[in-house]
Amino acid sequence: MANGLIIIHKPQDWTSMDVCAKLRGAFHEKRVGHAGTLDPMATGVLPVFVGRCTRAVQFAETEEKEYIAGLRLGLTTNTQDTSGQILEEHPVQVSREELEAVLGRFRGEIGQVPPMYSAVKIGGKKLYELARKGVEVERKERRVTIHALELAEGLTPAFTPLPIGPAELSGHYFLRVRCSKGTYIRTLCHDIGQALGCGGCMSALLRSSACGFSLTEALPLHAVIESSDPEALLRPVDALFQDRPALTANAGQAQRLRHGNPIPWQGTDGEYRVYGPQGEFLLLGELKRGRLTTIKSFFEV
């Protein structure tokens, strides 16, 4: 039975759920889930969890992420990206220096209003379902954190289908964004354009990092689907928790932990990867005041 984590380089025009559906067939496993939804136009790092490893999805979704986004100035659309209906077009007379100055307003904790074309639910209805019917509803501002925001240097437009020329001449720029969970990069591009007075939207999106995994570690979807042994490509679930220190329990301690009982343990308070005497990953645990308890177990029953 397949159990583990796989980092997919999501192709353009696929939904995150499309990817999961394909992998259910490849691994012959119904329990397949992903962390951090990517819009169909986006590409890049999509962590996918298979089998018992799906128990770890909740921890992956809290991690910060990094993106490279195409910013198209002078264009405003109903979806806040270039796939949508054009609402306004304006000439772009913005210098690089002016753009860089405005970026400073969007670093740190900021407020974002979720776009109408999003999966956020209001009154039991997804916003994009209402938007497709021409209905717009009031949305509450959400607080997100932009840890880093800068113009990305030395990039080519290879990840976008747009035949764009030099950024400064075409009104196109590339942004590198490191942000918290729940950040809408489309909305960030839109809001930057509004702050500049010419409007703006997202022209392309590449997620370069998620859950501590980079683009260089991501596998093309077709390579997994076509593999003669896709299970060999899976990472163990504890790969997600490599930033936590490890503890090894003896047989008696492991038995108590398997039954959900806390055990005494001396050490520094915090979260730990906990292993059994044979090196098997048992659980993610919390040590607090000399007492080790289970946050989430991952051992085979």
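The structure contained in this document is the topic of the report that follows. Predicted model, so just to flag it, every value in this text is computed and none were measured.

**Looking at the pattern of salt bridges**
(1) Moving on: A complete count under the given rule lists 11 salt bridges for this structure.
(2) Moving on: Taking the shortest distance from any N to any O, the salt bridge between Arg-186 and Asp-39 comes out at 3.1 Å. Residue Arg-186 is found in helix H6 (residues 185-196), and its partner Asp-39 is found in the loop between strand E2 (32-34) and strand E3 (43-50); the two are separated by 147 residues along the sequence.
(3) Moving on: Residue Asp-39 is classed as partly exposed on the basis of its relative accessible area, which comes to 29%.

**Section: the side chain of Ser-16**
(1) Moving on: Of note, Ser-16 is situated in helix H1 (residues 16-27).
(2) Moving on: A polar contact is formed between the side chain of Ser-16 and the backbone nitrogen of Leu-38, at a distance of 2.9 Å.
(3) Moving on: Once you skip the residues sitting within four places of it in the chain, Ser-16 turns out to touch Lys-10, His-34, Thr-37, Leu-38 and Leu-46.

**Observations regarding the packing of aromatic side chains**
(1) Moving on: Under the definition given, this model contains five aromatic pairs.
(2) Moving on: Ring centres 5.6 Å apart and planes at 80 degrees place the aromatic pair Phe-59 and Phe-241 in the edge-to-face group. Of this pair, Phe-59 sits in helix H2 (residues 57-60) while Phe-241 is found in the loop between helix H7 (221-225) and strand E15 (246-248), placing the two residues 182 residues apart along the sequence. Here the two residues Phe-59 and Phe-241 agree in accessibility, since each one is buried.
(3) Moving on: Between Tyr-275 and Phe-281, the ring centres sit 5.4 Å apart and the planes meet at 55 degrees, which makes this aromatic pair tilted. A single burial state applies to Tyr-275 and to Phe-281, both of which are buried.

**Looking at the packing of helix H3 (residues 96-103) against H6**
(1) Moving on: Their axes nearest at 10 Å, the elements H3 and H6 cross at an angle of 120 degrees. Comparing their axes, H6 and H3 come out oblique. Handedness of the H3/H6 crossing: right-handed. Facing Glu-98, Leu-99, Val-102 and Leu-103 of H3, the residues of H6 in contact are Ile-192, Ala-195 and Leu-196.

**Points about the environment of Arg-139**
(1) Moving on: With respect to the element layout, Arg-139 can be found in the loop between helix H4 (127-132) and strand E10 (142-151).
(2) Moving on: Note: C-alpha distance between Arg-139 and Pro-114 (25 residues apart in sequence) is 6.7 Å.

**Observations concerning the sheet that holds E15**
(1) Moving on: Ordered in space as E15-E17-E18-E19-E16, the five strands form an open sheet in which the pairing is mixed. The open sheet terminates on both sides in strands that have one partner only, identified here as E15 and strand E16 (263-264).
(2) Moving on: Sheet analysis places strand E18 (residues 281-288) next to strand E19 (residues 291-297), joined by six bridges and oriented antiparallel. By the bridge assignment, Leu-283 is partnered in E19 with Ser-297.

**Some words on the pairing of strand E12 (residues 200-210)**
(1) Moving on: The buried count for E12 comes to 10 of 11 residues, which makes it a mostly enclosed element.
(2) Moving on: Judged from the two bridges that link them, E3 and E12 form a sheet pairing that is parallel. Within E12, the residue paired with Thr-43 across the bridge is Leu-206.
(3) Moving on: Sheet topology note: the strand E4 (residues 65-73)/E12 ladder contains nine bridges and is antiparallel. Paired with Ile-68 across the strands is Leu-206, a residue of E12.
(4) Moving on: Bridge analysis of E12 against strand E13 (residues 213-214) gives two bridges, and the strand direction is antiparallel. Opposite Ala-210, over in E13, you have Phe-213 as the bridge partner.
(5) Moving on: Linking E12 to E13, which pair antiparallel, is a turn of two residues; within it Cys-211 sits at a positive phi near 60 degrees.

**Some points on the nonpolar core**
(1) Moving on: Leu-23, Val-48, Leu-99, Leu-175, Ile-185 and Ile-192 are the most contacted members of the largest nonpolar core, which has 43 residues in total.
(2) Moving on: The dominant element in this core, judged by the number of residues it contributes, is H6, at five residues.
(3) Moving on: Residues in contact with Ile-192, not counting those within four places in the same chain, are Leu-71, Leu-99, Val-102, Leu-103, Phe-106 and Leu-175.
(4) Moving on: In this structure, Phe-59, Ala-218, Phe-241 and Phe-281 belong to the second largest nonpolar core, which totals 22 residues.

Calculation criteria
Residues numbered from 1 in each chain as written. Predicted model: local features only at pLDDT ≥ 70, side-chain atom pairs only at ≥ 80, totals over all residues. Heavy atoms only, no water. Salt bridge = Lys/Arg side-chain N within 4 Å of Asp/Glu carboxyl O. Helix = DSSP H or I, 4+ residues; strand = E, 2+ residues; numbered from the N terminus. Buried < 20%, exposed > 50% of the residue type's maximum accessible area, 1.4 Å probe, protein only. Polar contact = N/O pair within 3.5 Å; in protein donor to acceptor, adjacent residues only side chain to side chain. Contact = heavy atoms within 4.5 Å. Phe/Tyr/Trp six-rings, centres within 6.5 Å; stacked < 30°, edge-to-face > 60°. Axes fitted to C-alpha atoms, helices over the stretch in contact; angles between N-to-C directions. Parallel < 35°, antiparallel > 145°, perpendicular 65-115°, else oblique. Left-handed = near helix turned anticlockwise from the far one by under 90°. Pairing = 2+ DSSP bridges. Core = buried A, V, L, I, M, F, W, Y, C linked by side-chain atoms within 4.5 Å.

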